[in-house]
Amino acid sequence: MRIRLESVHRSYRVRRPPESGGRLTRLVRRVSSEVEALHGIDLAIDEGETVGYIGLNGAGKSTTMKLVAGILTPTSGRVTVDGRDPHRHRRQLSAELGYLAAQRASLWWDLPVKDSYELIRRVYDVEPAVFRRRSEDLVSRLDIGRYLDTPVRELSLGNRTRAELVGALLHAPRLLLLDEPTIGLDIFARESICEVLRELRHDTAPTVVMASHDLRDVEAICHRIIMIDDGRLVYDGKIDELRALGGGRRTLKIHHAADHRLPELPELPGLTRIEDRTRTVTTYTFTQGEVPGELLAALFRDPRVDDVQIEAPSLEDLIKDLYLRGT
Ligand SMILES: Nc1ncnc2c1ncn2[C@@H]1O[C@H](COP(=O)(O)OP(=O)(O)OP(=O)(O)O)[C@@H](O)[C@H]1O
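Residues numbered from 1 in each chain as written. Predicted model: local features only at pLDDT ≥ 70, side-chain atom pairs only at ≥ 80, totals over all residues.

Per an unreviewed UniProt entry, the protein chain is named ATP-binding cassette domain-containing protein, and its organism is Streptomyces ortus.

This brings us to the confidence of the model for the protein chain. Here the protein chain shows a mean pLDDT of 86. Residues at 70 or above account for 92%. Averaged pLDDT values for the elements of the protein chain fall to 71 in strand β11 (residues 272-273) and rise to 97 in strand β4 (residues 76-81). The complex prediction reports pTM at 0.82, with the ipTM value standing at 0.96. (pLDDT = per-residue confidence, 0-100. Helix = DSSP H or I, 4+ residues; strand = E, 2+ residues; numbered from the N terminus.)

The local shell around the ligand consists of Tyr12, Val14, Val35, Ala37, Gly55, Asn57, Gly58, Ala59, Gly60, Lys61, Ser62 and Thr63. Taken together, the elements giving at least two residues each to the shell around the ligand come down to β1 (3-16), β2 (31-45) and α2 (61-69). No other element matches α2, which puts three residues into the shell around the ligand. Classifying every residue of the shell around the ligand gives five nonpolar, six polar and one charged. (Near = placed C-beta within 6 Å. Nonpolar A, V, L, I, M, F, W, Y, C, P; charged D, E, K, R; others polar.)

On to the sheet that holds β11, then. Pairing is antiparallel in the open sheet, where four strands are placed in the order β11-β12-β10-β13. The open sheet terminates on both sides in strands that have one partner only, identified here as β11 and β13 (305-311). Inspection of the sheet shows β11 paired to strand β12 (residues 281-287) by two bridges, in the antiparallel sense. For Thr272, the partnering residue across the bridge sits in β12 and is Thr285. (Pairing = 2+ DSSP bridges.)

Domain boundaries assigned for the protein chain yield domain 1 (3-243) and domain 2 (247-311). Each of domain 1 and domain 2 was reduced to a C-alpha centroid, and the two centroids are 43 Å apart. (Domains from an automatic or database assignment.)

With respect to topology, three strands assemble into an open sheet ordered β2-β1-β4, the strand pairing being antiparallel. If you trace the sheet from one side to the other, it starts and ends with β2 and β4, each paired once. Put simply, the sheet's adjacent strands are angled 35° from each other on average, direction ignored. Here five bridges tie β1 to β4, and the two strands are oriented antiparallel to one another. Residue pairing in the sheet places Ile3 in a bridge with Val81 of β4. (Axes fitted to C-alpha atoms, helices over the stretch in contact; angles between N-to-C directions.)

Spelled out as structure tokens, the structure:
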């Protein structure tokens, strides 16, 4: 499905104790004010794209997801999904939408997992044979077969999230909104979820928007990153383009004996010592091609140097840079 946001603003009205006044007044009186969560967001996501929507706490990610799902309406501006207002056409949209959010349970809390799935089948009118094939496949890939008779409320967070993901995919949605799908999960739960999401691309290829703090998941699933900060868009591009922003930048990490004084590295353009050095690791950044081979050879020959690593910056480093530059 195609998502468009045009100059979208969204604010919330909040009621707070007044700034001034005695303790009693502050206890009982409330004044209204507005919190602006989104300040004019423009974005376009096309059919079948997999987008990581990232931002710090309170940046406006969940607000955007709720606008796209039609749960909220913008204060001003326009949101459309396949050309339609998702709030006004919420019923039609729900047939095409899978929405998974840590704070929003879709399965029935007191029912065994398999009964919730049967209810979903009926709500979305999925043909029994198609439903059986799809549910067996998802249940086995997410490894939750042994919990099908367990009420949802008794599941651990990891198993509940896996069960919720099956529930969100049973009707083969064309749009999948994932709000922090792997938060608090162990490595096995995260990996099985990421694998299923990755395979979707070759299967039903829905449009996927995943809000996440976890860049490993975003890297594993998404081809594009949209980054917001304090309700404003600060980056929109392919992950490969973001990596290219790092250019030939590399880090040189020298692992050495505690407090070993390294020979002074020559003053080279672009070779910068990083100040977070520990007693056993000293780090520099440099531009590829600007650290001479003989310097590396000298480091390798030094008996008190244990290891020398040259690395491209991680996605996390590049994103930190973007925040520092953009704010
Ligand atoms: N129901 C609400 N009432 C009042 N303010 C709200 C409400 N929901 C969100 N906000 C405010 O809007 C801003 C954006 O919140 P939002 O939940 O969209 O951010 P987020 O990027 O999803 O954050 P997080 O990563 O912490 O989940 C924050 O300042 C938040 O406090």
